[in-house]
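Analysis of the macromolecular model
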Amino acid sequence: MQTAVQLNNLSCVFGSVRAVDGVSLEIGTGEFFSMLGPSGSGKTTCLRLIGGFEVPTGGYIVLFGQDAAKLPPYARDVNTVFQDYALFPHMNVLDNVAYALMVRGVARSERYRRAGEMLELVKLAGLEKRRPAQLSGGQRQRVALARALINRPKLLLLDEPLGALDLKLREEMQIELKALQRSLGITFVYVTHDQSEALSMSDRVAVFNYGKIEQLDTPKGLYEYPRTEFVARFVGSANVLEGRLISQGVGQFALRPERVRITVGSEPKANHLVGRLLDVHYLGSQTRYEVEVEGARVTALTTSDATALPIGSTVTLSWDAASLRRLEDTTNSPRQKASV
Amino acid sequence: MTAKPSLALRATAIAGIVFLHFPLLVILLYAFTTEDRTYQFPPPGLTLKWFGIAFARADMWDALWLSVRVAAVATLVALVLGTMVAGAMYRFNFLGKDVITLSFILPIALPGILTGIALLTSIKRVGLEPSFWTIVIGHATFCVVTVYNNVVARFRRMSYSQIEASMDLGADWFQTFRHVVLPSVATALLAGGMLAFALSFDEVIVTTFTAGSDKTLPIWFLGELFKPRERPVTNVVAIFVTAVTFVPILLSQRLTQSAEDLHGGGKTT
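Residues numbered from 1 in each chain as written. Chains lettered and ligands numbered in written order. Predicted model: local features only at pLDDT ≥ 70, side-chain atom pairs only at ≥ 80, totals over all residues. Heavy atoms only, no water.

Some words on the overall build of chain A
The criterion, for reference: Each helix is a run of DSSP H or I of at least 4 residues and each strand a run of E of at least 2, with the numbering of both proceeding from the N terminus. Think of it in three bands: residues with accessible area under 20% of the maximum for their type are buried, residues over 50% are exposed, and the middle band is partly exposed, with areas taken using a 1.4 Å probe on protein chains only. Method for areas: the Shrake-Rupley scheme with a 1.4 Å probe, in which residue coverage is limited to the protein chains shown. Just so you know, the count uses Lys and Arg for positive and Asp and Glu for negative, and it drops His and the chain ends. Lys charges are placed at NZ, Arg charges at CZ, Asp charges at CG and Glu charges at CD.
Each helix and strand counted, chain A has eight helices and 18 strands in total. Summarising its shape, the C-alpha atoms of chain A cover approximately 80 × 45 × 35 Å along the three principal directions. Counting across all 340 residues of chain A, residues that qualify as buried make up 51%. Total accessible area on chain A stands at roughly 15100 Å², and carbon and sulfur atoms take up 50% of it. For chain A, the centre of its 40 positive side-chain charges and the centre of its 36 negative side-chain charges are spaced 4 Å apart.

Pasting the structure below:
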């Protein structure tokens, strides 16, 4: 697989803020790569560095084998879908989509023909003459996509493109985006703070925290084998337990709530904790239990059944030893640890 | 809730409108009077002869032409400099930005007499003779501000990602300015330019200090008012100027109304 993007010890400092702090990664051609993290984690700055909208203060950016750190945006074979779509309000949909061809001097009939094709690709045929202000959020998003794809870039950057859409539309667009990326074979770099979005669409995900990559893995790898407490908590939810495991030693362990079994009463067995049931949340197909164990809170998520456990009762939590994941001691986040 | 405003409110409103427009009617009426020294009412007779006399006055045409040229050049300078400064203030943060912004918009807040004296001293200091260009420089100091204010307000409403998107799609700086920035600020430029032109056209105080022996139209008016004869000539010229300035005002209204269609349809390469 050829390398599309190669970042080598990349840094970007704004005043006293190290927005991107020594990031190194490689993205292969045709890959759907996500940058996931809370706001202020450096994921958007990292994307803007690849797009050429920020100048790195250190490190290298190599795009398709070419050093790109100093190239202006218009000299890169990269296009961007902006978070606010950045459509040109004084142009209609067709002119917006044809913009990249217009500035390159493509003849009017040719560029309108190709812009029309792009609009069909994103299912907006018939809206050519509308102004951006006359479109819904979802339609604007599609125009931004068509406009960014008309040059057939080798790399498309997407900065939280679905952030402004409602949940239903967002799920539809996730499926469409993924299908589009597969059929066009373009490398997508996708920035999001929504972990379920990143998991469901991506080939690989880089989890950002404080300007650094906390973990870079496949969605399954991130969820099943979180390396740090931050990743365990940010990707899905996790109980972080502190203790000693015979096979793995002393330290912190992540335990996914759905791997925890809950039974009434106090019943000693291996890998268990006894606590008091604090709260029950019925979620439809699943039920979430909040249990207090020696002052700490542990969450269990089970398939809903007819038996209702009374709040305040004594319960036993148990799990398979193989469900515990040993976490690395060092983490970027100065976060309070919930210990058991 | 009453649909009709009270009598007192209506009377006040009408009084306000009369107060604003009555002087214009006076000027209109006394452009036709046969009496050339006083504003005697009712006018003893009506005549059109002042129009002939006014339009035959070479000094009036000279003053009018000078004013038009000064206003046009000062507006042009203001459009270029005002837009550039607005762009810089919008895009960049630097040390002393607030001070520079303040000193930049100061000429419009400062009494004209201060600007006038300061300019005159500076002009003498660098050894320039008061001329057409010194008037233009004087007027440009406050014309730039009106353009700047209009354009910077428009920039603030525009998201910077549009400019980034344009560059991202392959447009260089010049293309981005022409196809994205300019259409967005076009109506602001028009409004700022109109205001600049109007300010320059009737400016008296700064002009008095920077004009030397040249007479712009407002200064010509002042001179005429102190002459005892041919009073109605000034009224005729005032009506003429009012009529002429109406054209760009109406035009700009039309342009800003249809601005959407104006720079939307059919892009040209």
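Now that the structure has been shown, we can carry on.
Structural notes on the pattern of salt bridges
All names here are of chain A. Selection criterion: For this analysis, a salt bridge means a side-chain nitrogen from Lys or Arg found within 4 Å of a carboxyl oxygen belonging to Asp or Glu.
The final tally for this structure, using the stated rule, is 23 salt bridges over all chains. A salt bridge links glutamate 176 to arginine 142, with the nearest nitrogen and oxygen atoms 3.0 Å apart. One end of the pair, glutamate 176, is in helix 5 (residues 167-184); the other, arginine 142, is in helix 4 (residues 137-149), and 34 residues separate them in sequence.

Let's talk about the interface of chain B and chain A
For clarity, the cut-off: Should any heavy atoms of two residues lie within 4.5 Å, those residues are counted as being in contact. The quantity reported as buried area is the accessible area (1.4 Å probe) lost by two parts once they are put together, taken as the sum for both. When residues are grouped by polarity, Ala, Val, Leu, Ile, Met, Phe, Trp, Tyr, Cys and Pro land in nonpolar, Asp, Glu, Lys and Arg in charged, and all others, Gly among them, in polar.
Contacts between the two partners involve 27 residues from chain B, matched on the other side by 27 residues from chain A. Both faces combined, the contact of chain B with chain A buries some 2300 Å², and carbon together with sulfur accounts for 55% of it. At the boundary of chain B with chain A, the tally comes to one salt bridge. A salt bridge links Glu164(B) to Arg48(A), with the shortest nitrogen-to-oxygen separation between them at 2.6 Å. Breaking the side of chain B that touches chain A down by element, the ones donating at least two residues are helix 7 (161-168), helix 8 (173-201) and helix 12 (259-262) of chain B. Per element, the largest residue contribution to the side of chain B that touches chain A is seven residues, and it comes from helix 7 of chain B. Among the residues forming the side of chain B that touches chain A, the class breakdown is six nonpolar, 15 polar and six charged.

Concerning the packing of aromatic side chains
Let me state the cut-off plainly: By convention, a stacked pair of Phe, Tyr or Trp rings (six-membered ring in the case of Trp) has centres within 6.5 Å and planes under 30 degrees apart, an edge-to-face pair has planes over 60 apart, and any other such pair is tilted. Consider the ring centre and the ring normal. A charge sits over the ring if Lys NZ or Arg CZ is within 6 Å of that centre and within 35 degrees of that normal.
Under the defined criterion, the tally for this structure stands at 16 aromatic pairs over all chains. Taken together, a centroid distance of 5.5 Å and an interplanar angle of 35 degrees make the contact between Phe32(B) and Phe51(B) tilted. Of this pair, Phe32(B) sits in the loop between helix 1 (7-30) and helix 2 (49-56) while Phe51(B) sits in helix 2; the two residues are 19 residues apart in sequence, bridging distant segments of the chain. Relative to Trp133(B), the ring of Phe132(B) has its centre 5.0 Å away and its plane inclined at 80 degrees; by these criteria the two rings are edge-to-face. By relative accessible area, Phe132(B) is classed as buried at 15%. What links up through ring pairs into an aromatic cluster is the set Phe32(B), Phe51(B), Phe55(B), Trp61(B) and Phe240(B). Between Lys154(A) and the ring centre of Phe64(A), over which it is positioned, the NZ or CZ distance is 4.4 Å. When the ring centre of Tyr223(A) is taken as origin, the NZ or CZ atom of Arg256(A), which lies over that ring, is 4.0 Å away.

A word on the sheet that holds strand 5 (residues 66-67) of chain A
Residue and element names in this part refer to chain A. Where we set the bar: Being paired, for any two strands, means DSSP has found at least two bridges between them. Axis lines are fitted to C-alpha atoms, over the contacting stretch for helices. Their N-to-C directions set the angle, which ranges from 0 to 180 degrees.
Spatial strand order, 2-1-4-5: four strands in an open sheet with antiparallel pairing. Where the open sheet ends on each side, the last strands, each with one partner, are strand 2 (17-28) and strand 5. Strand direction decides the pairing type here: strand 4 (residues 58-63) and strand 5, joined by two bridges, are antiparallel. The partner of valine 62 across the bridge, within strand 5, is aspartate 67. Relative to the sheet, helix 1 (residues 43-51) contacts strand 1 (3-14), strand 2 and strand 4, its axis offset from that of strand 1 by approximately 120 degrees.

Focus on the domain arrangement of chain B
All names here are of chain B. What counts is decided by this rule: For the domain bounds, the source is a domain assignment made automatically or taken from a database.
Domain boundaries assigned for chain B yield domain 1 (9-47) and domain 2 (57-262). In this structure, domain 1 and domain 2 have C-alpha centres spaced 31 Å apart. Contacts between domain 1 and domain 2 engage nine residues on the former and nine residues on the latter. The contact between domain 1 and domain 2 buries some 810 Å² in all, and 58% of this surface belongs to carbon and sulfur atoms. Across the domain 1-domain 2 interface, the total number found is zero salt bridges. Partitioned by chemical class, the residues of the side of domain 1 that touches domain 2 number five nonpolar, one polar and three charged.

Thoughts on unusual backbone geometry
All names here are of chain A. At alanine 86, a position not held by glycine, the phi torsion is positive, near 55 degrees. By secondary structure assignment, the location of alanine 86 is in the loop between strand 6 (78-81) and helix 2 (93-103). Under the relative-accessibility criterion, alanine 86 is labelled buried at 2%. Phi at tyrosine 210 is positive, roughly 50 degrees, even though this residue is not glycine.

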